[in-house]
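# Close look at the chain arrangement
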Amino acid sequence: MDERAALALVGDLVDAAGDDAAVVGSTVVTIDMLHETTDFPAGTTRYTAGWRAVGASLSDVAAMGADATGAVGVYGAPDFESGDVEAFVRGALDVCERVGAEYVGGDLDDHDEFTVATTALGETAAPVTRDGASPGEVVAVTGALGRSAAALDAFAAGETERANDLFRFTPRVAAGVALRGNATAMMDSSDGLARSLHQLAEASGVGFAVEGDAVPVTGELRGSDAAAGAGADSDDRLWRAATFGEDFELVCTLPADAVEAVRGLLDVPLTVVGDVTESGVTLDGEELPDVGYTHGE
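Described in the following lines is the structure provided in the data block. (Residues numbered from 1 in each chain as written. Predicted model: local features only at pLDDT ≥ 70, side-chain atom pairs only at ≥ 80, totals over all residues. Heavy atoms only, no water.)

### Comments concerning the overall build of the chain
This is how it is decided: The helix and strand labels rest on DSSP assignments: H or I over at least four residues marks a helix, E over at least two residues marks a strand, and numbering proceeds from the N terminus. It only takes one pair of heavy atoms within 4.5 Å for two residues to be counted as in contact. The Shrake-Rupley method, run with a 1.4 Å probe, gives the accessible areas here. Residue values count only the displayed protein chains as cover.
Across its full length, the chain holds 11 helices and 12 strands. Within the chain, contacts between residues at least 6 apart in sequence are counted, and of these 85% link residues at least 24 apart. Surface summary for the chain: the accessible area is close to 12,900 Å², and the carbon and sulfur share equals 50%.

Written out as structure tokens, the structure is:
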């Protein structure tokens, strides 16, 4: 079975599954696994890998509206070079420091390829789940989309310094905490905006009508050569930003009259991209396919 089917199977067996993190009392807990062949392009430094691996889990904590408290990891590799291990840990320490959490170590193991598994913890008495959206609300995103797609372009072009910088994102923990209490449903955009909208729609039993012109796309993202040659560069950039994934922004729903007040609490932009509807997921009036990042591909 594919990843989506496997997740559905787990969800049928485990009542706590289905959100970005599980809730145990007032603690949220999440785990992610990243592999060299699928998650770390050639040129990714071990420092960036440590930052990104831990940051991905911290992003799940952010999506629950929780304060990040700590993270622990498993580092697997064919060999343990002191420079590599130190750089990885420094990246993990620095991304945790960025969001006020603590990296407390983990485990080392032999593995045939560089592989990392990270668990992150957070605390909140009022977690934001995916199932609270209602028609009449708006849907919004933090920051801008397309950062990771731009990083892949930079890696492919040999611009490794720029690519590594783009790969080191700031988990939106502060934004998630600020949205808590106003956001009715929330998740991160690690699978892409399009897939996130479909997942929120399924969990909440609603739909979304999104306006393409409203979707914030990072200026770092270029259109593909094919699209540029066809004169459709802006459309291509929007599609890549909406479907590539791995951006780790927050996608949330909230009442329209709460938007301005929430913006005053955030440390990043919050952009309303559309409305919550009764059913269907559309972009500029056309059906938006459930397309996005799939782990292992």
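Anyway, onward from the coordinates.
### Focus on unusual backbone geometry
The criterion, for reference: Classification of residues uses two cut-offs on accessible area relative to the type maximum, computed with a 1.4 Å probe and protein chains only: under 20% is buried, over 50% is exposed, and between them is partly exposed.
Here Glu246, not a glycine, exhibits a phi torsion of approximately 65 degrees, which is positive. Relative to the elements of secondary structure, Glu246 occurs in the loop between α10 (233–243) and β9 (250–254). On the basis of relative accessibility, which here comes to 9%, the residue Glu246 falls in the buried class.

### A few points about the packing of aromatic side chains
Keep this limit in mind: Each Phe, Tyr or Trp ring, with Trp reduced to its six-membered ring, pairs with another whose centre is within 6.5 Å; inter-plane angles below 30 degrees give stacked pairs, above 60 give edge-to-face pairs, and intermediate values give tilted ones. Placement of a charge over a ring requires the Lys NZ or Arg CZ to be within 6 Å of the ring centre, with the centre-to-atom vector within 35 degrees of the ring normal.
Within the structure shown, the criterion is met by 8 aromatic pairs. Three or more aromatic residues link up through ring pairs in this structure, and these residues are Phe40, Tyr75, Phe80, Phe88 and Phe114. Looking at Arg46, its charged tip hangs above the ring of Phe114, at a distance of 3.7 Å from the centre.

### Side note on the pairing of strand β2 (residues 27–35)
Rules: Paired strands are those between which DSSP finds at least two bridges.
Where burial is concerned, the two faces of β2 differ: the one with Val28, Thr30, Asp32 and Leu34 is buried and the one with Thr27, Val29, Ile31, Met33 and His35 is not. Inspection of the sheet shows strand β1 (residues 22–24) paired to β2 by 3 bridges, in the antiparallel sense. Looking at β2, one finds that Val24 is bridged to Thr27. In this antiparallel pair of consecutive strands, β1 and β2, the connection spans 2 residues, and Gly25 shows a positive phi of 65 degrees. Pairing analysis gives 9 bridges linking β2 to strand β5 (residues 115–123), with the strands arranged antiparallel. Directly across from His35, in β5, lies its bridge partner Thr115.

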